[in-house]
Amino acid sequence: MAVTPDYVREVFKGLENGDGAAFFTHVADDVDWTVMGTHPLAGRYRSKADFIAGTFTKLGQVLPQGTQLHLEYLIVKGDQAVVELHSLATARNGMRFDNRYCWILFFEADKIVRVRAYLDSALVAELFKENPGAA
């Protein structure tokens, strides 16, 4: 199946609407997800469960309303997509966490099987420094 821009936008509607579960139905259980950088969320995750535990769960401890990710820009070619996202979030201590992301997605059939994610490492490090106990 060739990935289409409309399909990718549909996949990301869950994250835009605060429904991470809807987004993760489109992610393979054995996804290979690498979060680039040198911050508490960085690393290579070899499954959906490990990725959620290592990132979304940790963020949930410091961002009570979640990351509120919004799709800004999209490029699709074959079974790959590049998405630019931004988050609008407030940490439990009141710190603004308005981050920008670039995710390179690889699809097989209708599932995301591999991701390379880039984001503002310094902002993530500051988030966990200012909100200790989560990372």
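Calculation rules
Residues numbered from 1 in each chain as written. Predicted model: local features only at pLDDT ≥ 70, side-chain atom pairs only at ≥ 80, totals over all residues. Heavy atoms only, no water. Helix = DSSP H or I, 4+ residues; strand = E, 2+ residues; numbered from the N terminus. Buried < 20%, exposed > 50% of the residue type's maximum accessible area, 1.4 Å probe, protein only. Contact = heavy atoms within 4.5 Å. Core = buried A, V, L, I, M, F, W, Y, C linked by side-chain atoms within 4.5 Å. Polar contact = N/O pair within 3.5 Å; in protein donor to acceptor, adjacent residues only side chain to side chain. Salt bridge = Lys/Arg side-chain N within 4 Å of Asp/Glu carboxyl O.

Student: Even after reading the chapter, I still don't get the side chain of T67, so can you show me in this structure?
Tutor: Relative to the assigned elements, T67 resides in the loop between helix 3 (48-62) and strand 3 (69-77). Here T67 falls in the buried class, since its relative accessible area comes to 11%. If near-sequence neighbours (up to four positions away) are discounted, T67 is found in contact with L59, S87, L88 and A89.

Student: Which parts of the structure should I look at to understand unusual backbone geometry?
Tutor: Glycine aside, a negative phi is what most residues show, and trans is what most peptide bonds show. Unusually for a residue other than glycine, A109 sits at a positive phi of about 55°. The residue A109 is located in the loop between strand 5 (100-108) and strand 6 (111-119) in this model.

Student: Which parts of the structure should I look at to understand the nonpolar core?
Tutor: Counting residues in each nonpolar core, the largest one holds 40 residues, and the members touching the most others are F12, F23, W33, V83, W103, L105 and L127. In this structure, F12 is in contact with F23, V83, L85, W103 and L105, ignoring residues within four places of it in sequence.

Student: Just checking my understanding: could you explain the environment of K48 for this structure?
Tutor: With respect to the helices and strands, the residue K48 is situated in helix 3. Side-chain polar atoms of K48 contact the backbone oxygen of V27, separated by 3.0 Å.

Student: For this particular structure, what's the right way to read the environment of T38?
Tutor: Residue position: T38 is located in the loop between strand 1 (27-35) and strand 2 (43-45). Classification of T38 as exposed rests on a relative accessible area of 73%. Sequence separation between T38 and A125 is 87 residues, and the spatial gap between their C-alpha atoms is 8.2 Å.

Student: What's the story with the environment of D50 in this structure? I'm lost.
Tutor: The residue D50 is located in helix 3 in this model. Along the backbone, D50 and D30 are 20 residues apart, and their C-alpha atoms lie at a distance of 9.5 Å.

Student: Before we go on, may I ask you to explain the pattern of salt bridges in this structure?
Tutor: In a structure, side chains of opposite charge can pair up when their charged atoms sit close to one another. Taken as a whole and assessed by the stated rule, the structure comprises five salt bridges. With a shortest N-O distance of 3.4 Å, E10 and K13 are connected by a salt bridge. With a gap of three residues between them, E10 and K13 both fall in helix 1 (residues 5-16), about one helical turn apart. For E10, a relative accessible area of 44% gives the class partly exposed. You can call K13 partly exposed: its relative accessible area is 42%. Note that R100 is salt-bridged to E72, the shortest N-O span being 2.7 Å. Here R100 is found in strand 5, whereas its partner E72 is found in strand 3, with 28 residues between them in sequence. We classify E72 as partly exposed; its relative accessible area is 38%.

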